[in-house]
Amino acid sequence: LDAPCSGSGVLAKRADMRWRRTHEDMAQLVGLQAQLLDAAASLVKPGGVLVYSTCSIEVDECEEQVAAFLRRAAGAGFGLVPLAAA
């Protein structure tokens, strides 16, 4: 899932985004990411892999989003896999 995000990881290329994003935008994006992640999880076959990616460096869009997903019912049966093992 290449989730829509704040784009904070590409600000060097898109400096205008720094001034256009608000706290409300971030809250909406985090909510949308959670919904999309849950929906994508329902489409993964047993034994399959779900990859979640963003171009953000914001913790709430990355690490916290994945941790919250793993705590929700939709995340049951999923776990983290080191990139070298994938």
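The rules we used
Residues numbered from 1 in each chain as written. Predicted model: local features only at pLDDT ≥ 70, side-chain atom pairs only at ≥ 80, totals over all residues. Heavy atoms only, no water. Helix = DSSP H or I, 4+ residues; strand = E, 2+ residues; numbered from the N terminus. Buried < 20%, exposed > 50% of the residue type's maximum accessible area, 1.4 Å probe, protein only. Contact = heavy atoms within 4.5 Å. Areas by Shrake-Rupley, 256 points an atom, 1.4 Å probe, with all protein chains shown as cover. Phe/Tyr/Trp six-rings, centres within 6.5 Å; stacked < 30°, edge-to-face > 60°. Core = buried A, V, L, I, M, F, W, Y, C linked by side-chain atoms within 4.5 Å. Expected span 1.5 Å × (residues − 1). Arc of directions from axis to C-beta. Polar contact = N/O pair within 3.5 Å; in protein donor to acceptor, adjacent residues only side chain to side chain.

Participant: Just give me the short version of the overall build of the protein, but keep the residues and values in it.
Facilitator: The helix and strand tally for the protein stands at three helices and zero strands. Reading the protein from its N terminus to its C terminus gives the helix and strand order α-α-α. The proportion of buried residues among the 86 residues of the protein is 24%. Of the contacts made within the protein by residues no fewer than 6 positions apart, 63% connect residues no fewer than 24 positions apart. Per element, the accessible surface of the protein, about 6,000 Å² overall, is 61% carbon and sulfur.

Participant: Hey, could you go over the packing of aromatic side chains for me, with residue numbers and the actual values?
Facilitator: Evaluation of the coordinates by the stated rule reveals one aromatic pair. Where F69 meets F78, the ring centres are 5.5 Å apart and the plane angle is 55°; that geometry is what we call tilted. Taking relative accessible area as the criterion, F78 reaches 26% and is therefore assigned partly exposed.

Participant: Tell me about the nonpolar core, and name the residues and values.
Facilitator: Membership of the largest hydrophobic core is limited to five residues, which are A3, L37, A41, Y52 and F69. Ignoring any residue separated from it by four or fewer positions in sequence, one finds A3 in contact with Q33, Y52, S53 and T54.

Participant: If you had to explain helix α2 (residues 23–41) to someone new, which residues and values would you point to?
Facilitator: For the α-helix, the turn length of 3.6 residues means that residues three or four positions removed from each other point alike. Under the 1.5 Å per step criterion, the end-to-end length of α2 is 27 Å for 19 residues, consistent within 8% with the ideal 27 Å. Along α2, the positions that sit buried rather than exposed are M26, L29, Q33, A34, L37, A40 and A41. Seen along its axis, α2 keeps its buried residues to an arc of 140°; they face one direction. When the buried face of α2 is taken as reference, the exposed residues oriented beyond 90 degrees from it are E24, A27, Q28 and Q35.

Participant: Before we move on, could you go through the side chain of Q65 and cite the residues and values that matter?
Facilitator: Secondary-structure assignment places Q65 in helix α3 (residues 63–71). Its relative accessible area of 4% is what places Q65 among the buried residues. At a separation of 3.2 Å, a polar atom in the side chain of Q65 contacts the side chain of Q33. If near-sequence neighbours (up to four positions away) are discounted, Q65 is found in contact with V30, Q33, A34, L37, Y52, V59, D60 and R72.

Participant: So, α3: which residues are in play, and what are the values?
Facilitator: Those residues of α3 lying buried are Q65, A68 and F69. All buried residues of α3 fall inside an arc of 105° around its axis, so they share one side. Facing away from the buried surface of α3 by more than 90 degrees, the exposed residues are E63 and R71. Residues of α3 that are buried sit in contact with α2.

Just geometry here; none of it tells us what the structure is for.
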